[in-house]
Amino acid sequence: MTIQKPRGTRDLYEQDIIVYRNIINILQTCAAKYNYQEFIIPTFEDAHLFLRAVGDTTDIIQKEIYQFNDKGDRTLALRPEGTAGLARAVIENKLYKPKQTLKYFYYGSMFRYERPQKGRQREFNQFGIETVGTNHPLSDVEVMMMAINMMKDLEISNLSLNINYFGSDETKNKYQTILKEHLLSRKSQFCENCQMRTFTNPIRVLDCKICHKLSLDIPKITEILSPIEQVNFALITEALTNHNISFKVDEYLVRGLDYYTGIIFEVTSSDPRIGETQNTLIGGGRYDNLLQQLGSPLAIPAIGFAIGIERLMLLLSNNKQVNHKPIMQLQVIALSDNALNMMSWLLQQLRNKNYQVDGEYHCFQDKHKSQIINRTKAYNLLFLKDETTSTIYSYDKKVMIPIQFKGNNDLLQQILNQLKEQ
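The following refers to the structure shown.

Cut-off values and rules
- Residues numbered from 1 in each chain as written.
- Predicted model: local features only at pLDDT ≥ 70, side-chain atom pairs only at ≥ 80, totals over all residues.
- Heavy atoms only, no water.
- Pairing = 2+ DSSP bridges.
- Helix = DSSP H or I, 4+ residues; strand = E, 2+ residues; numbered from the N terminus.
- Buried < 20%, exposed > 50% of the residue type's maximum accessible area, 1.4 Å probe, protein only.
- Axes fitted to C-alpha atoms, helices over the stretch in contact; angles between N-to-C directions.
- Parallel < 35°, antiparallel > 145°, perpendicular 65-115°, else oblique.
- Left-handed = near helix turned anticlockwise from the far one by under 90°.
- Contact = heavy atoms within 4.5 Å.
- Core = buried A, V, L, I, M, F, W, Y, C linked by side-chain atoms within 4.5 Å.
- Phe/Tyr/Trp six-rings, centres within 6.5 Å; stacked < 30°, edge-to-face > 60°.
- Lys NZ or Arg CZ within 6 Å of the ring centre and 35° of its normal.
- 1 Å grid on protein atoms, 1.4 Å probe; cavity = no way out; pocket = protein on both sides within 12 Å on 5 of 7 lines; lining within 4 Å.
- Points joined across faces, edges and corners; volume = space filled by probe spheres on them.
- Nonpolar A, V, L, I, M, F, W, Y, C, P; charged D, E, K, R; others polar.
- Expected span 1.5 Å × (residues − 1).
- Arc of directions from axis to C-beta.
- Salt bridge = Lys/Arg side-chain N within 4 Å of Asp/Glu carboxyl O.

## Here we look at the pairing of strand β16 (residues 399-404)
And then number 1: Strand direction decides the pairing type here: strand β15 (residues 389-394) and β16, joined by six bridges, are antiparallel. Each bridged residue has a counterpart across the sheet, and for I392 the counterpart in β16 is I401.
And then number 2: The hairpin formed by β15 and β16 contains four residues between the paired strands, and K398 there has a positive phi angle of roughly 60°.

Here it is as structure tokens:
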């Protein structure tokens, strides 16, 4: 029986890995402009971390988490998102100090047991950033502007920024009570999942792809914000306007994680290649209470977002910037057995001088030259025939240049001269 990859996973190779790596590089470059440092967190954690952070009534925990007991009977889980792990790391490693802002980015595989579809896999890749240690509204604005700038750096257009404001846990709890009373009288109109959510986590009804289409005249959380929350939200919208950032206030926007407080946001695209149901490229928000809930002795505010890489890859399949493959400076082809030994020595000398070169350990014939020229992707193609004769084909000049040399060192110097001319 042939073993195949598990459903909901994919192999990245050749052009896909080029696109993936170029996207990550562009996002890293943008994050560096804002002084974000890379952070690597474990792929799996104590499962209780996600139960406490994400919320035990969310779909992620109830339906999607990959949870298991290891050989030491410890309950572990593959990470479904990155924020909880980074928050745990900040606490465990005692990284936070008062009045000090920490800025981190991370990327890698996340895992959720979902029905695979376009732009959504069970193992998927995210790039995320977290800003820890400040709760100023202008910090929220900077984070959202960075999210927009990342998409612009990737040359993605047709973008929309949608925002909402959750407020404190007190405000959220008050809204949950009001919302529950409102939804109970309409419960029969809901899907089976939302009929249960009405009792366990009413705010999740707003996130349902089925029930959000119903005309329910649902109360808005922005109507019950405290005076200071109203001021903060107004500061955010005013600053976005001053920076000429277009946005839409979506009073029914919620995120699938329970730890959000304050601003939440999504960046979406209207590009038809990803479809309306999978159009969210970036999702994030503020989570001022999470670190203390996870055991921090201090109340440490934070905000962050995550970007789905697979959806970006769908959008950028024809983008020259991310499809650009670094081209080798030299490919060497041996036309005799003696030339194979020369090739092995020459390749090592060039690599020692930091040139990107390669060679094929097969012996070819002169008649194969045109075929090799057509298939090779390099700036130069060297045909080694014997200990005194070779030819080099320049793809830029479209010419074959004969090389006469006396020994390996002479050949190396002539090749170096050729490479330095480009």
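From this point, the narrative continues.
## With respect to unusual backbone geometry
And then number 1: A positive phi is found at K94, a non-glycine position, where the angle reads about 50°.
And then number 2: Owing to a relative accessible area of 67%, K94 belongs among the exposed residues under this scheme.
And then number 3: With a phi close to 65°, E155 is a non-glycine residue in the positive phi region.
And then number 4: Taking relative accessible area as the criterion, E155 reaches 52% and is therefore assigned exposed.

## Regarding the packing of helix α5 (residues 137-153) against helix α8 (residues 227-242)
And then number 1: Where α5 meets α8, the axes come as close as 9 Å, and the angle between the chain directions of the two elements is 40°. The angle between the axes of α5 and α8 places the two elements in the oblique class. Considering how the two elements wind past one another, α5 and α8 form a crossing that is right-handed. Of the residues in α8, those in contact with P137, L138, D140, V141 and M144 of α5 are N232, L235, I236, A239 and L240.

## Observations regarding the nonpolar core
And then number 1: F50, Y175 and L291 are the most contacted members of the largest nonpolar core, which totals 51 residues.
And then number 2: Residue assignment for this core shows that the elements contributing at least two residues are α2 (47-54), α3 (59-64), α4 (83-92), β5 (102-111), β6 (123-132), α6 (169-184) and α9 (290-293).
And then number 3: Not counting the four nearest positions on each side in its chain, L291 is found in contact with A87, V90, I91, V132, S296, I300 and A302.
And then number 4: Membership of the second largest hydrophobic core comes to 48 residues, among which are I163, I245, V267 and I307.

## Some details on the packing of aromatic side chains
And then number 1: Counted by the stated rule, this structure contains nine aromatic pairs.
And then number 2: Ring centres of Y66 and Y113 lie 6.0 Å apart, and the angle between their planes is 70°; this geometry places the pair in the edge-to-face category. Remark: Y113 occurs in the loop between β5 and β6 and Y66 occurs in the loop between α3 and β3 (67-69); sequence separation between them is 47 residues.
And then number 3: Ring centres of Y165 and F233 lie 5.2 Å apart, and the angle between their planes is 35°; this geometry places the pair in the tilted category. Of this pair, Y165 sits in strand β7 (residues 159-165) while F233 sits in helix α8, and the two are 68 residues apart along the sequence. Just as Y165 is buried, F233 falls in that class too.
And then number 4: Over the ring of Y113 we find R122, and its NZ or CZ is 4.0 Å from the ring centre.

## Considering the environment of E114
And then number 1: Along the chain, E114 turns up in the loop between β5 and β6.
And then number 2: Spatially, the C-alpha atom of E114 lies 26 Å from that of I303, the residues being 189 residues apart in sequence.
And then number 3: Not counting chain neighbours up to four residues away, the residues in contact with E114 comprise E64, R120, Q121 and R122.

## With respect to the sheet that holds strand β14 (residues 380-384)
Whether parallel or antiparallel, the strands of a sheet pair through hydrogen bonds between backbone atoms.
And then number 1: Here we have five strands laid out as an open sheet, ordered β13-β12-β14-β15-β16, and mixed in their pairing. Looking at which strands have only one partner, the edges of the open sheet turn out to be β13 (357-363) and β16. Pairwise comparison of adjacent strand axes, ignoring direction, gives a mean angle of 20° for this sheet.
And then number 2: Sitting on the sheet, helix α12 (residues 337-352) touches β12 (330-334), β13 and β14, and the angle it makes with β13 is about 165°.
And then number 3: The strands touched by helix α14 (residues 408-420) within the sheet are β12, β14, β15 and β16, with β16 carrying the most contacts at an inclination of about 150°.

## Quick look at the layout of surface pockets
And then number 1: The space that makes up the second largest pocket amounts to roughly 270 Å³.
And then number 2: Considering the residues around the second largest pocket, the lining is formed by 17 residues, among which Y165, S168, E229, N232 and D288 are closest to the centre.
And then number 3: Looking at the lining of the second largest pocket, the elements that each hand over two or more residues are α5 and α8.
And then number 4: Broken down by element, the lining of the second largest pocket gets its largest block of residues, four residues, from α8.
And then number 5: Grouping the constituent residues of the lining of the second largest pocket by class yields five nonpolar, seven polar and five charged.

## Here we look at α6
In an α-helix, one full turn covers 3.6 residues, which means residues spaced three or four apart are oriented alike.
And then number 1: If you check α6, its first and last C-alpha atoms are 22 Å apart, about what 16 residues at 1.5 Å a residue would give, namely 22 Å.
And then number 2: Restricting attention to buried positions, one finds in α6 the residues T171, K172, Y175, Q176, L179, H182 and L183. Projected onto a plane normal to the axis of α6, the buried residues spread over an arc of 135° and lie on a single side. Away from the buried face of α6 by more than 90 degrees, exposed residues E170 and E181 are located.
And then number 3: Taken together, the buried residues of α6 touch α7 (192-200) and α8.

## Some details on the pattern of salt bridges
And then number 1: All told, the structure shown has eleven salt bridges when counted by the stated rule.
And then number 2: The closest approach of N and O atoms between K33 and D153, which form a salt bridge, is 3.9 Å. A residue pair is termed long-range when its members are at least 10 positions apart, and K33 in helix α1 (residues 15-33) and D153 in helix α5 qualify at 120 residues.
And then number 3: Given the relative accessible area of 62%, K33 is considered exposed.
And then number 4: Look at D153 and you get partly exposed, because its relative accessible area is 26%.
And then number 5: R74 serves as the salt-bridge partner of D70, at 2.9 Å between the closest nitrogen and oxygen.
And then number 6: Residue class for R74 comes out exposed when judged on its relative accessible area of 51%.
And then number 7: Sharing partners across several salt bridges, the network here consists of E45, R88 and E92.

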